[in-house]
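Working through the structure, step by step
Here's the letter readout for the chains.
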Amino acid sequence: MILRQRFGILLVVLFLPINGPLWRMGVESAVVEFPFGEFSFLVLSVVIFTIGCVLIFTPKIRFHHNP
């Protein structure tokens, strides 16, 4: 498994849309104001989740060098 796929798995696990309330509680317990609303954070987490899926499932790209 290449590093890109490992990073993709990390993104997928951390930014599952169901983890939104967990992220909110963590940020609020750190006494930091959460800069996103409910819907905007849901959209952001879905976008990051999708990026993680792309990193996991795209094949390794090989460039052919012709001399």
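Above this text you will find the structure in question.
Before going into details, it helps to say that this report is about the structure given with it.

Some points on the packing of aromatic side chains
- For the structure on display, the rule yields one aromatic pair.
- Measuring from ring centre to ring centre gives 5.2 Å for Phe 15 and Trp 23, while their planes differ by 10 degrees; the resulting arrangement is stacked.
- Since its relative accessible area comes to 15%, Phe 15 is described here as buried.

A short note on the side chain of Ser 45
- Note that Ser 45 resides in helix H3 (residues 38-57).
- Looking at Ser 45, its side chain comes within polar contact range of the main-chain oxygen of Leu 42, at 2.9 Å.
- For Ser 45, the contacting residues outside a window of four places in its chain are Phe 15 and Pro 17.

Notes on the environment of Phe 15
- You can see Phe 15 is positioned in the loop between helix H1 (3-14) and helix H2 (20-29).
- Along the primary structure Phe 15 and Leu 42 are separated by 27 residues, whereas in three dimensions their C-alpha atoms are 9.4 Å apart.

Overview of the packing of H1 against H3
- Running from N to C, H1 and H3 cross one another at 155 degrees; their axes reach a closest spacing of 7 Å. Put simply, H1 runs roughly antiparallel to H3. For the crossing formed where H1 meets H3, the hand is left-handed. Mapping the contact onto sequence places Arg 4, Gln 5, Phe 7, Gly 8, Ile 9, Leu 11 and Val 12 in H1 and Ile 48, Phe 49, Ile 51, Gly 52, Cys 53, Val 54, Leu 55 and Ile 56 in H3.

Concerning H3
- Here H3 spans 29 Å end to end across 20 residues, near enough to the 28 Å set by a 1.5 Å rise per residue.
- Considered for burial, the residues of H3 that qualify are Phe 41, Ser 45, Ile 48, Gly 52, Leu 55 and Ile 56. Buried residues of H3, viewed axially, fall in a sector of 100 degrees; they line one side. Away from the buried face of H3 by more than 90 degrees, exposed residues Phe 39 and Phe 57 are located.
- At its buried positions, H3 is contacted by H1 and H2.

Rules and cut-offs
Residues numbered from 1 in each chain as written. Predicted model: local features only at pLDDT ≥ 70, side-chain atom pairs only at ≥ 80, totals over all residues. Heavy atoms only, no water. Phe/Tyr/Trp six-rings, centres within 6.5 Å; stacked < 30°, edge-to-face > 60°. Buried < 20%, exposed > 50% of the residue type's maximum accessible area, 1.4 Å probe, protein only. Helix = DSSP H or I, 4+ residues; strand = E, 2+ residues; numbered from the N terminus. Polar contact = N/O pair within 3.5 Å; in protein donor to acceptor, adjacent residues only side chain to side chain. Contact = heavy atoms within 4.5 Å. Axes fitted to C-alpha atoms, helices over the stretch in contact; angles between N-to-C directions. Parallel < 35°, antiparallel > 145°, perpendicular 65-115°, else oblique. Left-handed = near helix turned anticlockwise from the far one by under 90°. Expected span 1.5 Å × (residues − 1). Arc of directions from axis to C-beta.

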